[in-house]
Amino acid sequence: SLFLCLVLNQDTTQSGRTLFCSSRRTDVVSVTPWLAPIVWEGTFDPVLVDNIYKPMNLTIATTVFAIGKYVRFLQDFLDTAEKHFMVGFNMRYYVFTDRPHDVPSVNLTRGRHLSVIQVPGSNRWQEISARRMEIIQTTIERQIRREADYIFCLDVDSKFHARWGPESLGRLVAVIHPGYYEQTRDRFPYERRPASTAYIPMDEGDYYYGGAMIGGFVEDVYTLTKVCQTRFEEDAGNSIEAAWQEESHLNRYLLYNKPSKVLSPEYLWQDFKAKTKEVKVIRFSGVIKNYADVRPN
Ligand code: UDP
Ligand code: MN
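Criteria and cut-off values
Residues numbered from 1 in each chain as written. Chains lettered and ligands numbered in written order. Predicted model: local features only at pLDDT ≥ 70, side-chain atom pairs only at ≥ 80, totals over all residues. Heavy atoms only, no water. Pairing = 2+ DSSP bridges. Helix = DSSP H or I, 4+ residues; strand = E, 2+ residues; numbered from the N terminus. Contact = heavy atoms within 4.5 Å. Axes fitted to C-alpha atoms, helices over the stretch in contact; angles between N-to-C directions. Salt bridge = Lys/Arg side-chain N within 4 Å of Asp/Glu carboxyl O. 1 Å grid on protein atoms, 1.4 Å probe; cavity = no way out; pocket = protein on both sides within 12 Å on 5 of 7 lines; lining within 4 Å. Points joined across faces, edges and corners; volume = space filled by probe spheres on them. Nonpolar A, V, L, I, M, F, W, Y, C, P; charged D, E, K, R; others polar. Near = heavy atom within 4 Å. Polar contact = N/O pair within 3.5 Å; in protein donor to acceptor, adjacent residues only side chain to side chain. Areas by Shrake-Rupley, 256 points an atom, 1.4 Å probe, with all protein chains shown as cover. Sits in = over half its atoms within 2 Å of the grid points. Buried < 20%, exposed > 50% of the residue type's maximum accessible area, 1.4 Å probe, protein only. Patch = residues over 30% accessible without salt bridge, like charges linked within 9 Å, V, L, I, M, F, W, Y side chains within 5 Å. Phe/Tyr/Trp six-rings, centres within 6.5 Å; stacked < 30°, edge-to-face > 60°. Lys NZ or Arg CZ within 6 Å of the ring centre and 35° of its normal.

**Remarks on the sheet that holds strand S2 (residues 59-66)**
A sheet is described by the order of its strands in space; here eight strands give the open sequence S1-S9-S7-S8-S5-S2-S3-S4, paired in mixed fashion. Whereas interior strands pair on both sides, the edge strands pair on one side only; in this sheet they are strand S1 (38-39) and strand S4 (112-118). By the bridge criterion, three bridges tie strand S7 (residues 172-176) to strand S9 (residues 261-263) in an arrangement that is parallel. Paired with Val-175 across the bridge in S9 is Leu-263. Relative to the sheet, helix H5 (residues 218-237) contacts strand S5 (150-154), S7 and strand S8 (209-217), its axis offset from that of S8 by approximately 135°.

**Describing the pattern of salt bridges**
According to the stated counting rule, one finds 18 salt bridges in the structure shown. As a salt-bridge pair, Glu-246 and Arg-132 come within 2.3 Å of each other at their nearest N and O atoms. Remark: Arg-132 occurs in helix H4 (residues 125-147) and Glu-246 occurs in helix H6 (residues 245-256); sequence separation between them is 114 residues. In this structure, the salt-bridge partner of Arg-283 is Glu-266, at a minimum N-O distance of 3.0 Å. Placement of Arg-283 in the loop between strand S10 (269-270) and strand S11 (284-286) and of Glu-266 in the loop between S9 and S10 is noted, with a sequence separation of 17 residues between them.

**Here we look at empty space enclosed by the protein**
Scanning the entire structure with this criterion turns up one cavity of 30 Å³ or more. Of the volumes computed, that of the largest cavity is approximately 90 Å³. As for the largest cavity, its lining consists of Thr-63, Phe-65, Arg-132, Met-133, Ile-136, Cys-153, Leu-154, Gly-211, Ile-214, Glu-246, Glu-247 and Leu-250. Within the residue set of the lining of the largest cavity, elements represented by two or more residues are S2, H4, S5, S8 and H6. Here the lining of the largest cavity is built from residues that sort into seven nonpolar, two polar and three charged.

**Comments concerning the layout of surface pockets**
Each pocket or cavity is described by its volume, and for the largest pocket that value is around 1,100 Å³. Lining the largest pocket are 41 residues; nearest its centre among them are Asp-155, Asp-157, Lys-289, Tyr-291 and Arg-295. When contributions to the lining of the largest pocket are tallied by element, the ones reaching two or more residues are H4, S8, H6, S10 and helix H7 (291-294). Sort the elements by how many residues they give to the lining of the largest pocket and H4 lands first, with four residues. Broken down by class, the residue content of the lining of the largest pocket amounts to 20 nonpolar, 11 polar and 10 charged.

**Observations concerning the site of ligand 1**
Taken together, 13 residues sit near ligand 1, with Phe-65, Ile-67, Tyr-70, Lys-289 and Tyr-291 positioned nearest. Taking Ile-67, its main chain carries an N or O atom lying 2.7 Å from an oxygen atom of ligand 1. At 2.5 Å from an oxygen atom of ligand 1 is found a side-chain nitrogen or oxygen belonging to Tyr-70. Protein contacts shield 85% of the accessible area of ligand 1, which totals 510 Å² for the unbound molecule. With respect to the detected pockets, ligand 1 is housed in the largest pocket. Elements that contribute at least two residues to the shell around ligand 1 include exactly S2 and H4.

**A short note on helix H3 (residues 74-84)**
Residues Leu-74, Phe-77, Leu-78, Thr-80, Ala-81 and Glu-82 constitute the buried set of H3. Positive phi appears at Met-86, one or two residues downstream of H3, with a value of about 50°.

**Digging into a nonpolar patch on the surface**
A cluster of nonpolar side chains, contributed by Val-29, Val-31 and Leu-35, occupies part of the molecular surface with about 300 Å² of accessible area. By secondary structure assignment, the location of Leu-35 is in the loop between helix H1 (2-11) and S1. Using a relative accessible area of 70% as the deciding quantity, one classes Leu-35 as exposed.

**Examining the side chain of Arg-25**
Looking at the element boundaries, Arg-25 is found in the loop between H1 and S1. A polar atom in the side chain of Arg-25 sits 2.8 Å from the side chain of Asp-27. There is a polar contact of 2.6 Å between the side chain of Arg-25 and the backbone oxygen of Glu-41. Each residue touching Arg-25, except ones within four places of it in the same chain, is listed here: Trp-40, Glu-41, Gly-42, Thr-43, Glu-266, Glu-278 and Lys-280.

**A few points about the packing of aromatic side chains**
With the rule as written, the count across this model stands at 21 aromatic pairs. Both rings, one in Phe-188 and one in Tyr-190, keep their centres 5.4 Å apart while their planes meet at 80°; by these two values the pair is edge-to-face. With relative accessibility at 6%, the residue Phe-188 sits in the buried group. In textbook terms, an aromatic cluster arises when at least three aromatic residues are bridged by ring pairs, as seen for Phe-77, Phe-85, Phe-152, Phe-160, Trp-164, Tyr-267 and Phe-284. Sitting over the face of the ring of Trp-34, Lys-258 holds its NZ or CZ atom 5.0 Å from the ring centroid.

Below is the structure:
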């Protein structure tokens, strides 16, 4: 493998990087047991990845919900996305809100657009969370499938801090929840009641994925939202609500429909959490919020 490095070195001097030697991380696992990449800083060459994806002229859709007081998070979310998120790509933001007049005006760079879609408010945050899946699904049917190649569905109470680029693109993409990447699976907060359609037995499960990000090809995310919503409603019909609502259904779905790419917790950190040594860069994180202040109840 030293030989390989030397050979490859000669080929990649343009960017001054090496493909193998410098990109190997030995302190983290960078591939899943089903051979999907787990994206950590140092496992990819950003210049190379950009050069592969930029000529494809892709359009990326980003859905974000800002219902009720959550409109206050839009400004930072959008400003920081313009600085760090899929820079140089065609971007279509879809902002779902019950307060269209409170959506801030943001300077978008060339090739980037924002549309505001009015949706009803709600007094239960659990319901807002559940309805996200349904609204994403109907908006894909109505327009996104004609307007974009890939989609990311993100939490609005978040900010970008560093590059989040096309290394994150794949057929079906999920992110490892920052609270559980060091834990064994018996500690994952999956839904454990067999009565729920989100049920995962104690001896199953790969990772605990965060519900604040789902991504992939528009059609793959469409199927995911459709299945999760159907199961959520089936549970509701049986008067059962999964432990972490849509996140529980997402985890169940991804156990049997493996993601083709997994993002490390660099792509979903939490501001209250101290950085650990594996995390060389925080790209996106959930801001600290006072629940009593922002949620309807
Ligand atoms: N959300 C919203 N209004 C609400 C509650 C939630 O718009 O009153 C949306 C918003 O996009 C938020 C997402 O639902 O980012 C998930 O809810 P939240 O961030 O409160 O969940 P947490 O990340 O704290 O688990
Ligand atoms: Mn959140």
